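Letter by letter, the chains look like this.
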Number of protein chains: 2
Amino acid sequence: MPIDYAKESELLKALAHPVRLRMVEGLLGRECNVNKMVKALGLPQSTVSQHLGILKSRGIVRIRKEGVKTCYRINDDRIAALIKLLGK
Amino acid sequence: MPIDYAKESELLKALAHPVRLRMVEGLLGRECNVNKMVKALGLPQSTVSQHLGILKSRGIVRIRKEGVKTCYRINDDRIAALIKLLGK
DNA sequence: GATATATATCGTATTATTACGATATAACGA
DNA sequence: TCGTTATATCGTAATAATACGATATATATC
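What counts as what
- Residues numbered from 1 in each chain as written.
- Chains lettered and ligands numbered in written order.
- Predicted model: local features only at pLDDT ≥ 70, side-chain atom pairs only at ≥ 80, totals over all residues.
- Heavy atoms only, no water.
- Buried < 20%, exposed > 50% of the residue type's maximum accessible area, 1.4 Å probe, protein only.
- Helix = DSSP H or I, 4+ residues; strand = E, 2+ residues; numbered from the N terminus.
- Contact = heavy atoms within 4.5 Å.
- Least-squares fit on C-alpha atoms with pLDDT ≥ 70 in both.
- Axes fitted to C-alpha atoms, helices over the stretch in contact; angles between N-to-C directions.
- Left-handed = near helix turned anticlockwise from the far one by under 90°.
- Nonpolar A, V, L, I, M, F, W, Y, C, P; charged D, E, K, R; others polar.
- Near = heavy atom within 4 Å.
- Polar contact = N/O pair within 3.5 Å; in protein donor to acceptor, adjacent residues only side chain to side chain.

Concerning helix α1 (residues 5-15) of chain B
Counting along an α-helix, one turn takes 3.6 residues, and residues three or four places apart therefore face a common direction.
1) Next: Burial in α1(B) covers these residues: B:Glu8, B:Ser9, B:Leu11, B:Leu12, B:Ala14 and B:Leu15.
2) Next: Buried residues in α1(B) make contact with α1 (5-15), α2 (18-27) and α5 (78-86) of chain A together with α2 (18-27), α4 (45-57) and α5 (78-86) of chain B.

Here it is in structure tokens:
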């Protein structure tokens, strides 16, 4: 399958940040709401939300609303394999 | 193996550019000198050289000198699998 | 409706990346 | 040594990404 360089480089760019990489790895196999991530990461809420927005806009994650909470989960099938590759 | 987020996000950042992604894919399985890439990509020589420098500094490619020519080739075993993943 | 909680968005200063012409360096052949 | 070819580096203007406080919005509870 021919690669869409512009599109796939956007995907990689979204993952190419230490905080987002950590977020994505943390979301493998389980969903998580924003507040939990804020606490786990020790970063300002606005910063975490901004990073999540980037991951969402690239289709890497998607959300599920649960009352007032927003639960994020992985939405791209390739992510798990990609993260696994990085650990080698 | 636990991921070094800073290190691996640097790897992804180096790949997260349409031109560099195209370069890397073009180098899968075969080496190529700078001038050939300049012609193939239709970009200024300084631009191509700058991108190659980024790929090299992250260990994604390495070089072999052949007289005046510099031949670039893939140097990271994970790259082929990563590119393959992107095409899915 | 008032309040508290969860999250998103805005504004913006700082820092990083990009593109590319100009210039430098290095190897080769005449 | 000169000229040519191949490549790297420099300088820099333009653009993009980042961090994060302030603020807005939405939902639940009382």
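As for the relation of the copies chain A and chain B
1) Next: For the pair chain A and chain B, the superposition axis carries a translation of 0.0 Å, the fit reaches an RMSD of 0.0 Å, and the rotation angle comes to 180 degrees. Read as a symmetry element, the transformation amounts to a two-fold axis.

Comments concerning the packing of α2(B) against α5(B)
All names here are of chain B.
1) Next: Closest axis-to-axis distance for the α2/α5 pair is 10 Å, and the angle between their directions is 115 degrees. Pair α2 / α5 crosses with left-handed handedness. Along the contact surface, α2 presents Leu-21, Val-24 and Glu-25, while α5 presents Ile-79, Ile-83 and Leu-86.
2) Next: Looking at side-chain class alone, the contact of α2 with α5 contains 5 nonpolar, no polar and 1 charged residues.

With respect to the protein's contact with DNA strand C
1) Next: Not every one of the 21 residues close to DNA strand C is listed here, only the nearest: A:Asn35, A:Gln45, A:Thr70, A:Tyr72 and B:His51.
2) Next: The protein-proximal atoms of DNA strand C, defined as those within 4 Å of the protein, are 62% sugar or phosphate.
3) Next: A:Gln45 places a side-chain nitrogen or oxygen 2.7 Å from a base nitrogen of DNA strand C.
4) Next: Among the elements that line the surface near DNA strand C, the one with the most residues is α4(B), at 5 residues.
5) Next: For the surface near DNA strand C, the per-class residue count stands at 6 nonpolar, 12 polar and 3 charged.

Thoughts on the protein's contact with DNA strand D
1) Next: Surveying the vicinity of DNA strand D reveals 19 residues, the closest of which are A:His51, B:Asn35, B:Gln45, B:Thr70 and B:Tyr72.
2) Next: By atom count, sugar and phosphate contribute 63% of the portion of DNA strand D lying within 4 Å of the protein.
3) Next: Here a phosphate oxygen of DNA strand D and a side-chain polar atom of A:Lys13 are 3.1 Å apart.
4) Next: One of the side-chain nitrogen or oxygen atoms of A:His51 is found 2.8 Å away from a phosphate oxygen of DNA strand D.
5) Next: Broken down by element, the surface near DNA strand D gets its largest block of residues, 4 residues, from helix α4 (residues 45-57) of chain A.
6) Next: Here the residues of the surface near DNA strand D sort into 4 nonpolar, 12 polar and 3 charged.

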